[in-house]
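Inside the fold
Residue strings, one per chain:
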Amino acid sequence: MGFAHEYATAVMRRGRNPMEPADFVPDWADRPRKGKFFPGAPSFPLPDGGCADDATLGRGLFGERGTGAFTLPLLGAMLRDSYGLTGRRLAVQANSDLGSLPFHAQANWSRGTASGGGLYPIGIHWASGAGGPLTPGVYHYDTPHHRLDRLLSGDVTGEVRACLKDLPGAAETDQFLVLGVTFWQNSFKYNSFGYHAITMDIGALLQTWRMWSRAHGIHLGSALWFDEPRLGRLLGLDPEEEGVFAVVPLPWSGTAPVPPPSAPGTRVRRTPAEKSRRVRFFPTLRRVHEATLEGAADRPAAHTLDPALALPAGPGDRVPLPAPDSLNIPVRRALRERRSSFGRFTAHVPLDAARLAAALAAAVAASTLDSDTETSGGAPLTRLFVFVNHVDGVPAGLYVHDRDTGELVLVKAGSFGLFLQENYFLANYNLEQAAAVLVPVARTHAVLDAVGDRGYRLVNASVGATAQAVYTAASATRTGCGVALGFDCVSYAEQFAVGEQDEVPLLIMMIGNERPHPADYRYEIVAP
């Protein structure tokens, strides 16, 4: 067994046995930037494609796989809607950082994609070849300014293709988005736990792109297995403190020319400026990252994951749900409206069961990433348990969701409000007031046994994708939503009685109605 098994167990038990360093306290005054800053790099403003509402009506948030292609305006729009800053928000809510948000240095800027702790640590690189609209090279997306910083001139997409090793779809394009992470941008707050949160963030962003592209009639796949050390060298990343977590080939309008071979030693040589005066390194995080680099270039064969896929719902009394509320709204609008509820739930009015059904349908639609390792048409890696507190027409209790029929299968009847609150670590949510709490579980250790330690990234990315889909569906149906990692996984596993199946509860997703007439301030940077 590799170190990822040990890390997964430590994450699950961290509510009872804190992860090292147990005495760590974040230095918020010395926090890093949320993104990279490259002084002196040539920059180019990106278009955002305008408001594509008319084009996306009829496809909804989870449209069918399309055959369209990207242009520069479409790429700019997707980057803006997914990871660009769209506005500033202030609200009276229950999160612990409320007192600092009115100050500009701690401002809370809204984005379409969720992130653990609102940290947004993912760096987006664009490797563009001769078939693209700009000078071939490597660009970095500057999220605050919605622009591209050119880090390298020259067509290196042949090197990117070589790192992907015959990935389907890669040979037909010379345009690639590459997702990288600088660990300090997350670990300054979460220390060793940061790797767990980062890998979920990757899935959340991939799911946003998957929804966005399908709404525009384009299909995007993603690669999680590739020659990561080689690609990291090309991007000029520090192999111990940074990682490359996903590559997304972009279908591009026009015919992609064959890229020339890269000159030996070609790589990005610009280095980002670090804001923190002191950068700390965490041995546990470094060890799990090294473990997930093992076999990075050896993509598992089809059906390798089959022994680790999610189990069926099982027997029990069944509660049918009504047809889900429509998610046929423009994807841009849903992403711009996405936010966390932070304790504003109220049980005064039960949630309409059709809105619960919509959240569950979104979770099912996001249960696969269209990645290079998953087998099309197979079962997903996760299944959902659902605590029902206050849903109209659905008795309170613990259920498991049947992804095939849409029904809820009763596990235990009764109220679980006290259990939920007692096993939540923070004070920013009253879980009993949420209408329902959705909990994805995965057979993490079985995945690691099947595909090696790199499977840890796949499991967490799948869960992050589910969280982003539920967030966005809640936005579309005007339902409050919040996602949290601060809960006692062991108590949940005991409540679900999943020990024999080795299933691990990985996060909690709360949905419900919110208190009316909230005290909110919103300033939109760009028109919604």
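Residues numbered from 1 in each chain as written. Predicted model: local features only at pLDDT ≥ 70, side-chain atom pairs only at ≥ 80, totals over all residues. Heavy atoms only, no water.

Turning next to the sheet that holds strand 17 (residues 520-524). In space, the three strands of this open sheet follow the order 3-2-17, with antiparallel pairing throughout. Two strands bound the open sheet, and with one partner strand each, they are strand 3 (109-110) and strand 17. In this structure, strand 2 (residues 87-91) lies alongside strand 3, joined through two bridges in antiparallel fashion. Pairing of Gly87 across the sheet is with Ser110, part of strand 3. (Pairing = 2+ DSSP bridges. Helix = DSSP H or I, 4+ residues; strand = E, 2+ residues; numbered from the N terminus.)

Let us look at the sheet that holds strand 1 (residues 43-45). By definition, the strands of a sheet pair up through backbone hydrogen bonds, in either a parallel or an antiparallel sense. Across the sheet, six strands lie side by side as 1-6-5-4-7-8; this open sheet has antiparallel pairing. Of all strands in the sheet, those with a lone pairing partner are strand 1 and strand 8 (242-249), marking the two edges. Mean inter-strand twist for the sheet, computed between neighbouring axes without regard to direction, equals 30 degrees. In terms of strand pairing, strand 1 meets strand 6 (residues 147-153) through three bridges, oriented antiparallel. Bridge pairing in strand 6 places Pro45 opposite Arg147. (Axes fitted to C-alpha atoms, helices over the stretch in contact; angles between N-to-C directions.)

Right, let's talk about the packing of helix 12 (residues 444-451) against helix 13 (residues 455-476) for a bit. One can describe the packing of helix 12 onto helix 13 by two numbers: an axis separation of 8 Å at closest approach and a directional angle of 140 degrees. Here helix 12 lies oblique to helix 13, going by the angle between them. For the crossing formed where helix 12 meets helix 13, the hand is right-handed. On the side of helix 12, the interface is formed by Thr444, Val447, Leu448 and Val451, while helix 13 contributes Gly455, Tyr456 and Val459. (Parallel < 35°, antiparallel > 145°, perpendicular 65-115°, else oblique. Left-handed = near helix turned anticlockwise from the far one by under 90°. Contact = heavy atoms within 4.5 Å.)

What follows deals with the environment of Ala493. In this fold, Ala493 is placed in helix 14 (residues 489-496). Filtering out sequence-adjacent residues up to four positions away, Ala493 remains in contact with Met12, Val498 and Pro505.

This part takes up the nonpolar core. Ranked by size, the top nonpolar core spans 142 residues in total, and within it Trp209, Leu356, Phe387, Leu408, Leu438, Tyr492 and Ile508 carry the most contacts. Contact partners of Leu438, with chain neighbours within four places excluded, come to Leu356, Ala359, Leu360, Leu384, Phe385, Val386, Leu507, Ile508, Met509 and Ile511. One finds Leu152, Val160, Phe176 and Val178 within the second-largest nonpolar core, a separate group that totals 23 residues. (Core = buried A, V, L, I, M, F, W, Y, C linked by side-chain atoms within 4.5 Å. Buried < 20%, exposed > 50% of the residue type's maximum accessible area, 1.4 Å probe, protein only.)

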